[in-house]
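What follows is each chain in one-letter form.
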Amino acid sequence: MPEKSPPLEPVSRCPLCGSPERGLHLASTFEEFSSGDFKITDSHYGKRWHFQRCRQCGFVYADPCPGAELLNLIYGSLEDPEYGSEEEGRGANFSRILNRLERLNLTGKRLLDMGAATGLFVSIARKKGWSAEGVEPSRWAVETAERQYGVKLHLGELLSYPEKELFDVVTMLDLVEHLPNPREALEKARRLLKPGGILVVVTPNVDSFAARLFSGRWWHYRPPHILFFSGKTLPLFFRQGGFSPLKVYPFHWTFSLRYLLSRFSPGKWICDKLTPMSKLLGRLKVKLFLFDSLEAYARKEGS
Ligand SMILES: [Zn+2]
């Protein structure tokens, strides 16, 4: 990143429906940011952009917002060594998605993971018999994927993936909330899918009970997240991109107790100071039934 807080770009219309009508959803809580704020494991909960809610469709988006060029720069140079520490929990979430895809009885098993991070999902999919590929902008993540899982991801911006062979499934797991223009990624997914192919999106649900309960302290309000879908706006997004919404599940994450505690300062102290305790906590898995994310499946319409 060239400087501490580069200029942000104004967003005058709803990125989903284009309406200029909106009301304040939550005010910004910070003025300066750095590329470190954009790690997947970043725990600056409550540190958030200035969010507007569209009066037309209910979509929630940051205005102003870091532009695509700046975000490409940030994600291209992102390093997040802590991400790998929760492999087991993330793996359980990913296996569940693959099991659901199996039940859709697709004719082929070619899968592309957009925003593949360190390749864990691609690696698990391959073990389950999928011909899986991934595209990821962070050089560090791509190198980690190769070293850790022997998975060679396509290094580059999401939209740069070559449109040669088509896929049966495209996945965007915790991706769309990071994108200033998610429609572009949706159109890219459409071009990469076979007719009748499946798109899977996992993203935080801004209208979930947890989001309302925790309000500005909701854990998904942090610098990398610049827009928020809900059970109402995600199907709208799919239809606009030429997809039929199939099914939406409430998504639950599995983490270790160590990871969860390390998200908050007293717990972080325990994990940092008491190493044996930290190891034990690392083995204790916790399922977070907050149901504050959406796991949505949609089918490509037309040819
Ligand atoms: Zn709107």
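What you are looking at is a predicted structure, and each value in this text was computed from that prediction instead of being measured.

Undergrad: So, helix α5 (residues 182–192): which residues are in play, and what are the values?
TA: An α-helical turn contains 3.6 residues, so a residue and the one three or four places further along point in the same direction. Among all positions in α5, only P182, A185, L186, K188, A189 and L192 are buried. All buried residues of α5 lie within an arc of 160 degrees about the axis, which places them on one face of the element.

Undergrad: Would you mind going over a nonpolar patch on the surface in detail, with residue names and values included?
TA: Together, F209, L213, F214 and L290 give the surface a local cluster of nonpolar side chains, amounting to about 420 Å² of exposed area. Looking at the element boundaries, L290 is found in strand β11 (residues 285–300). Using a relative accessible area of 32% as the deciding quantity, one classes L290 as partly exposed.

Undergrad: I'd like a description of the packing of aromatic side chains, backed by residues and values.
TA: Under the criterion given, the structure shown has eleven aromatic pairs. Arranged with centres 4.9 Å apart and planes meeting at 50 degrees, the rings of F229 and F237 form a pair that is tilted. A residue is classified by how much of its surface remains accessible, and F229, at 0% relative accessible area, is buried. By relative accessible area, F237 is classed as buried at 1%. Of the aromatic side chains, those joined through ring pairs into one cluster are F51, W218, Y221 and F228. Residue placement shows R110 over the ring face of F167; its charged tip is 4.4 Å from the ring centre.

Undergrad: Residue-level account of the coordination of the zinc ion, with values.
TA: The protein atoms that coordinate the zinc ion are C14 (SG), C17 (SG), C54 (SG) and C57 (SG), at distances of 2.3 Å. Taken together, the four donor atoms coordinating the zinc ion and their angles of 102 to 114 degrees define a geometry best described as tetrahedral. Residue class for C14 comes out buried when judged on its relative accessible area of 4%. What makes C54 buried here is its relative accessible area of 3%.

Undergrad: An account of the confidence of the model for the chain is requested, with residue identities and associated values reported.
TA: For the chain, per-residue confidence averages 86 on the pLDDT scale, and 82% of positions sit at 70 or higher. Between the elements of the chain, mean pLDDT differs from a low of 57, seen in helix α9 (residues 265–273), to a high of 98, seen in strand β4 (residues 110–114).

Undergrad: Tell me what's going on with the packing of α5 against helix α7 (residues 233–240), and back it up with residues and numbers.
TA: A pair of packed helices is captured by two measures, namely the crossing angle of their axes and the spacing between those axes. For the pair α5 and α7, interaxial distance at closest approach is 10 Å and the crossing angle is 55 degrees. If you check the angle between α5 and α7, you find them oblique. Considering the relative orientation of α5 and α7, their crossing is right-handed. Along the contact surface, α5 presents P182, R183 and L186, while α7 presents F237, F238 and Q240. For the contact of α5 with α7, the class distribution of residues is four nonpolar, one polar and one charged.

Undergrad: Give me the side chain of D168: which residues, what numbers.
TA: The topology assignment puts D168 in strand β7 (residues 167–173). When its relative accessible area of 4% is taken as the criterion, D168 is described as buried. Engagement of the side chain of D168 in a polar contact is seen with the backbone nitrogen of G108, the distance being 3.5 Å. A distance of 3.2 Å separates a polar side-chain atom of D168 from the backbone nitrogen of K109. Residues contacting D168, with those up to four places away along its chain left out, are L106, T107, G108, K109, R110, L193, K194, G197 and I198.

Rules used in this analysis
Here the residue numbering is sequential within each chain, running from 1 through the sequence in written order. Where totals are concerned, whole chains, interfaces and linings use all residues; where local detail is concerned, this predicted model gives features only for residues with pLDDT of at least 70, and gives and counts side-chain atom pairs only at 80 or more. For the side-chain quantities, the full set of heavy atoms in the structure was used; hydrogens and water were omitted. The buried label applies to any residue whose accessible area, calculated with a 1.4 Å probe on protein chains only, is under 20% of its type's maximum; exposed applies above 50%, and partly exposed to all values in between. Segments assigned H or I by DSSP are reported as helices when at least four residues long, segments assigned E as strands when at least two residues long, and all are numbered from the N terminus. Regarding the arc, it is the one traced by the directions from the helix axis to the C-beta atoms. What goes into a patch is any residue over 30% in relative accessible area without a salt bridge, connected to like charges within 9 Å or, for nonpolar side chains (Val, Leu, Ile, Met, Phe, Trp, Tyr), within 5 Å. Throughout, the Shrake-Rupley method with a 1.4 Å probe supplies accessible areas, and for residues the shown protein chains are the sole cover considered. We count a salt bridge whenever a side-chain nitrogen from Lys or Arg sits within 4 Å of a carboxyl oxygen from Asp or Glu. Planes of paired rings set the category: under 30 degrees apart is stacked, over 60 is edge-to-face and the rest tilted, where pairs are Phe, Tyr or Trp rings (Trp by its six-membered ring) whose centres lie within 6.5 Å. Criterion for a charge above a ring: Arg CZ or Lys NZ at most 6 Å from the ring centre, at most 35 degrees from the ring normal. Counted as coordinating are nitrogen, oxygen and sulfur atoms within 2.8 Å of the metal, or 3.2 Å for Na, K and Ca, while water is not included, which may make sites look incomplete. Note on geometry labels: four donors, all angles 85 to 135 degrees, give tetrahedral; four donors become square planar and six octahedral when opposite donors are over 155 degrees apart and every other angle is between 65 and 115; remaining cases are irregular. Per residue, pLDDT captures the predictor's confidence, and it can take any value from 0 to 100. To obtain an axis, a line is fitted to C-alpha atoms, over the contacting stretch when the element is a helix, and the angle between two such axes runs from 0 to 180 degrees between their N-to-C directions. Roughly parallel refers to an angle under 35 degrees, roughly antiparallel to one over 145, roughly perpendicular to one between 65 and 115, and oblique to any angle outside these ranges. Definitions for this section: a left-handed crossing has its near helix turned counterclockwise from the far helix by less than a right angle. A right-handed crossing has that turn clockwise. In this description, contact between two residues means that some pair of their heavy atoms is separated by no more than 4.5 Å. Amino acid classes used here: Ala, Val, Leu, Ile, Met, Phe, Trp, Tyr, Cys and Pro are nonpolar; Asp, Glu, Lys and Arg are charged; the rest, including Gly, are polar. In protein, a polar contact requires one atom able to donate a hydrogen and another able to accept it; more generally it is a pair of N or O atoms within 3.5 Å, and residues adjacent in sequence count only if both atoms are side-chain atoms.

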